[in-house]
2 protein chains.
Amino acid sequence: MLSERIGFIGLGIMGQKMARNLLRHQPINVYNRTKDRAAMLIQGGATWYDSPSTLAQASQIIFIMVTDDQALREVVLGDEGVLAGIQPGTLVVDHSTVSPQVTQELAERVRQRGGSWADAPVTGGDIGADQATLTIMVGADARDFQRVEPYLQQMGKRILHVGAVGQGQTLKLVSNMVSALNLMAAAEGLQFGLHQGLDLKDMETVMSFGSAQSYELSKILDRLKRDDFTPGFSVANRLKDLRLAIEMAQQNQFSADLGRCALPLYQKHAETGHMDLDESSYVKRWDD
Amino acid sequence: MLSERIGFIGLGIMGQKMARNLLRHQPINVYNRTKDRAAMLIQGGATWYDSPSTLAQASQIIFIMVTDDQALREVVLGDEGVLAGIQPGTLVVDHSTVSPQVTQELAERVRQRGGSWADAPVTGGDIGADQATLTIMVGADARDFQRVEPYLQQMGKRILHVGAVGQGQTLKLVSNMVSALNLMAAAEGLQFGLHQGLDLKDMETVMSFGSAQSYELSKILDRLKRDDFTPGFSVANRLKDLRLAIEMAQQNQFSADLGRCALPLYQKHAETGHMDLDESSYVKRWDD
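Residues numbered from 1 in each chain as written. Chains lettered and ligands numbered in written order. Predicted model: local features only at pLDDT ≥ 70, side-chain atom pairs only at ≥ 80, totals over all residues. Heavy atoms only, no water.

Going by the annotation in an unreviewed UniProt entry, the name recorded for chain A is 3-hydroxyisobutyrate dehydrogenase, with Sulfobacillus thermosulfidooxidans given as the source organism. Annotation of chain A in UniProt includes, under Sequence similarities (unreviewed entry), the sentence "Belongs to the HIBADH-related family." (UniProt positions renumbered as here; feature names shortened; annotations may be inferred.)

What follows is the structure, given as C-alpha cells:
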C-alpha cells in the first residue's frame, strides 16, 4: 500500500471508475458536485468531503476529472475550491482534457501555494477506465511524475511522461485532432458512397481491410448499423477539443490547414441540433 | 483448369504479380509497353503478343492493369489497341484505378464491338498482388461477374460485385479519398506535436493505441522512422485519385467538403518537388 493521503474530485462516467480502481489499493477521499454519484464509492469505503477545499485539506495528492476548462477553473479557483484548502507540498493531478493555457495558469496558482501540478489526460474511454487499461500522458516535473506514477499504474496500462507541465494536454489535443479528422473523413466517404448508390456492406469490406481503415471508421460503421448515436463521446466534447487544438495551432504559428478546414464543418453539425449526440453522428450531417 | 483464353495487358509492379498468379492456373497471353517486364512470365510459359490488338484477337477475357485514364485510353483506343482486335463476346476486365466516366466511355466502345466491360480495381498493394490476397471490387453485369469471378479468385481473397459498370471505380475512389484524408490528418497531427516539442515515440504510443489510430498513421510512422520515402504508392497517384474523387463529387452534387479542402493542400505538396516520392512524404511538407 502506498502511503500518501489521496483524493479524487469529479465522479462522472470516467472519474467514478478511475477512483474505484484507486480505492482497491488504498483509502481515498472523494468529492463530486452531486453526491449521489459517490454512493458506490462511499459504500466501498471512500471518505466523502462536502467541497473541493475540505477534500484538499485532507489530501496530499488530488486527482481531478472534470469536463472542461470552466469546470476545472471552478473546482480549483471557486470559493470552496482546491486552492482554498490546499497544503504546501500537495500535488494536483488533472485528468481532464483542457487547454494548455488554463493548465499553465492553474499550475502557477497552485505553485504560489507551495503545491505542484501534473496534467495527465487519458485515452481509452470508459472501458479503459473500468479495466484500468487507460493510456495516461503526463506533463510534469520529473519528481512529481515519479511521485504519482505508482498511483497512475493503478488506473492505466501505459503511463507516459511526455514533458513539462502542459505537454500532456498538448499531446491529447493533437491526438484528438487526428481522431476528429479521421472521423470526418470516414463519415464523408461513407456518405459519398451511399450517395453514389454503393452498399454500406461493400464499403465496409473494402475500407476496413484496406488503407482507409481507422478506429473512427469502425466506430461509425458500428453506430450506423445499430442506428444508435447516444454518447459515448459527445459532439460537444469533440467540438471543444477540436477548437482547443486549432486555437493552440494559431497561438503557436503552426499551419494546421486540414484541422482549420474541419472546425467550421463540425461546428455547423454541432449547432444544428446534434450537440448531445455521440461524436459519430457527424455521419448523419448529409441526411438533413 | 478454366477453359477460356485469357490475356493480361500492363505488367507493372502490380500487373506482373497478378498475371503470374493467373498463369499458375492456366495459359495466359501477355503484353506490356516494354517487353523486358514480361521476361519472367514468358519464361514461365506465358505467350507474348506485340500489341494490345493482337493479344485481343487471341483472348476471350482481357485483363488490364495500367496507371491512369490516359494509359488506359491508349491501350484500348490506340492504333494497335484492344478495340482494333477485339472479338465479339470478349470481356475486358480493367484493374486500373481510373475515373468512372472514362470507364463508361470505354465500356460503350467495347459494347459496340459486341464485347463487354467490367471495372475491377483492387486494394491490398504489391503484397496483396504477390500473395493473391487482393480485395477486388467489381462493377459489371451479373453475367459478366459470374464469368470472371473464378479468375479473380486466383488473384484475390475478397471478390465483391459492388454494382453495374463504373461502381467498382466509384468505390475505389471513395475509399482512396478516405485514405488520403487519414494520411493528411496523421501527418498534420504528428508535425503539430513535433512543433510543440513532443516526442514522436510518445505520440506513436498514444495515437496507435487510441482513437487516432489508422492504417495511414502506421504507414507514416514507419516511413518517418526509416526516413524512407521511395514509392510505394506515389504522390502523383495519390493526387490523381484524390482529384478524380473530388471531380466525381462535383459532377454528382455531393458536398465532399473536407476532401475539397484537402485537394489543394496535397496538390501544393506534389507540385513542390515531391511528385515521385511515396504518398506519405506529405508529412515532410512542414519541413520545407
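So much for the structure itself; the text now carries on.
**Looking at the relation of the copies chain A and chain B**
When chain A is fitted onto chain B, the two copies agree to an RMSD of 0.0 Å after a turn of 180 degrees and an axial shift of 0.0 Å. Here the symmetry operator amounts to a two-fold rotation axis. Judged by C-alpha distance, A:Ser214 is the residue of chain A that lies nearest the rotation axis, at 2.0 Å. Looking at the interface residues of chain A, 100% of them are also at the interface in chain B, so both copies use one shared face. (Least-squares fit on C-alpha atoms with pLDDT ≥ 70 in both. Contact = heavy atoms within 4.5 Å.)

**Let's talk about the interface of chain A and chain B**
With 59 residues of chain A in contact, the opposing surface of chain B contributes 59 residues. Buried surface at the junction of chain A and chain B, summed over both partners, amounts to about 5,200 Å²; 67% is from carbon and sulfur atoms. If you sort the residues of chain A by the area they bury against chain B, A:Phe192, A:Phe254 and A:Leu258 come out on top, with a joint share of 14%. Taken together, the links from chain A to chain B amount to two salt bridges. A salt bridge links A:Arg285 to B:Asp257, with the nearest nitrogen and oxygen atoms 2.2 Å apart. Where chain A touches chain B, the interface holds 23 residue pairs in polar contact (both at pLDDT 80 or more). Listed by contribution, the elements that provide at least two residues to the side of chain A that touches chain B are strand 8 (134-139), strand 9 (156-163), helix 8 (167-195), helix 9 (200-208), helix 10 (215-226), helix 11 (235-251) and helix 12 (257-274) of chain A. Here the element with the most residues in the side of chain A that touches chain B is helix 8 of chain A; it accounts for 19 residues. Residues belonging to the side of chain A that touches chain B are distributed by class as follows: 29 nonpolar, 23 polar and seven charged. (Buried area = accessible area lost by both parts, 1.4 Å probe. Salt bridge = Lys/Arg side-chain N within 4 Å of Asp/Glu carboxyl O. Polar contact = N/O pair within 3.5 Å; in protein donor to acceptor, adjacent residues only side chain to side chain. Helix = DSSP H or I, 4+ residues; strand = E, 2+ residues; numbered from the N terminus. Nonpolar A, V, L, I, M, F, W, Y, C, P; charged D, E, K, R; others polar.)

**Structural notes on helix 9 of chain A**
Buried residues of helix 9 of chain A: A:Asp202, A:Met203, A:Thr205, A:Val206 and A:Met207, and no others. Contact partners of the buried residues in helix 9 of chain A: helix 8 and helix 10 of chain A together with strand 7 (122-123), strand 8 (134-139), strand 9 (156-163) and helix 8 (167-195) of chain B. (Buried < 20%, exposed > 50% of the residue type's maximum accessible area, 1.4 Å probe, protein only.)

**Digging into the nonpolar core**
Counting residues in hydrophobic clusters, the biggest one holds 90 residues, and the most contacted among them are A:Met177, A:Leu258, A:Tyr266, B:Met177, B:Leu242, B:Leu258 and B:Tyr266. Leaving out residues up to four positions away in the same chain, B:Leu242 has contacts with B:Met177, B:Ala180, B:Ala262, B:Leu263 and B:Tyr266. (Core = buried A, V, L, I, M, F, W, Y, C linked by side-chain atoms within 4.5 Å.)

**Here we look at the UniProt feature "active site" (unreviewed entry) in chain A**
Residue and element names in this part refer to chain A. Sites flagged by UniProt as "active site" (unreviewed entry) map to Lys172. Considering the arrangement of structural elements, one finds Lys172 in helix 8. Residue classification places Lys172 among the buried positions, given a relative accessible area of 8%. If we ignore the near neighbours within four places in the chain, the residues touching Lys172 are Thr97, Pro121, Val122, Thr123 and Met137. Side chain to side chain, Lys172 and Thr97 meet in a polar contact 2.7 Å long.

**As for the pattern of salt bridges**
Two side chains that carry opposite charge are able to pair once their charged atoms sit near each other. Taken as a whole and assessed by the stated rule, the structure comprises 32 salt bridges over all chains. Put simply, B:Arg111 and B:Glu108 hold a salt bridge, and the shortest N to O gap is 2.8 Å. Here B:Glu108 and B:Arg111 lie together in helix 5 (residues 100-112), a separation of three residues that amounts to about one turn. In this structure, B:Lys219 and B:Asp278 form a salt bridge, with 3.2 Å as the shortest nitrogen-oxygen distance. A residue pair is termed long-range when its members are at least 10 positions apart, and B:Lys219 in helix 10 (residues 215-226) and B:Asp278 in the segment after helix 12 (257-274) qualify at 59 residues. Each member of the pair B:Lys219 and B:Asp278 is classed as buried. Connected via shared salt-bridge partners are A:Glu216, A:Lys219, A:Asp222, A:Arg223, A:Arg226, A:Asp228, A:Arg238, A:Asp278 and A:Glu279.

**With respect to the domain arrangement of chain A**
Residues and elements named next belong to chain A. For chain A, the assigned domains read domain 1 (6-164) and domain 2 (170-287). One C-alpha centre belongs to domain 1, the other to domain 2, and the line joining them spans 29 Å. Counting residues at the interface gives 13 residues for domain 1, matched by ten residues for domain 2. Linking domain 1 with domain 2 are zero salt bridges. For the side of domain 1 that touches domain 2, the secondary structure elements donating two or more residues are helix 5 (100-112) and strand 7 (122-123). Its residues placed into classes, the side of domain 1 that touches domain 2 shows six nonpolar, five polar and two charged. (Domains from an automatic or database assignment.)

**A few points about the pairing of strand 9 of chain A**
All names here are of chain A. One ladder, built from six bridges, connects strand 8 with strand 9; its direction is parallel. Each residue of the ladder has a partner; that of Met137, found in strand 9, is Leu160. After leaving strand 8, the chain enters helix 7 (residues 142-153) and then returns to the sheet as strand 9, a path that is right-handed. (Pairing = 2+ DSSP bridges. Right-handed = clockwise from strand over helix to strand, strands pointing away.)

**So, the pairing of strand 4 (residues 61-64) of chain B**
All names here are of chain B. The alternating pattern of strand 4 places Ile61 and Phe63 on one face and Ile62 and Ile64 on the opposite face, and all of these are buried. As paired elements, strand 1 (residues 6-9) and strand 4 share four bridges and run parallel to each other. Across the sheet, the residue bridging to Ile6 is Ile61, located in strand 4. Across four bridges, strand 4 lies against strand 5 (residues 91-94) in parallel orientation. When the sheet's bridge partners are listed, Ile64 is paired in strand 5 with Asp94.

**A word on the packing of aromatic side chains**
The tally for this structure, following the rule as stated, stands at 14 aromatic pairs over all chains. A centroid spacing of 6.1 Å and a plane angle of 20 degrees characterise the contact between A:Phe8 and A:Phe63, whose relative ring orientation is stacked. Of the two residues, A:Phe8 sits in strand 1 (residues 6-9) while A:Phe63 sits in strand 4 (residues 61-64), which places them 55 residues apart along the sequence. What makes A:Phe8 buried here is its relative accessible area of 0%. Accessibility expressed as a relative area gives 0% for A:Phe63, which makes it buried. Here the aromatic rings of B:Tyr282 and B:Trp286 are separated by 5.5 Å at their centres, their planes lie at 80 degrees, and the arrangement is edge-to-face. Given the relative accessible area of 0%, B:Tyr282 is considered buried. Taken together, A:Phe192, A:Tyr266, A:Tyr282, A:Trp286 and B:Phe254 form an aromatic cluster joined through their ring pairs. Taking NZ or CZ as reference, B:Arg158 lies 3.5 Å from the ring centre of A:Phe209, over its face. The residue whose ring lies beneath B:Arg285 is B:Trp286, and the NZ or CZ to ring-centre distance is 4.6 Å. (Phe/Tyr/Trp six-rings, centres within 6.5 Å; stacked < 30°, edge-to-face > 60°. Lys NZ or Arg CZ within 6 Å of the ring centre and 35° of its normal.)

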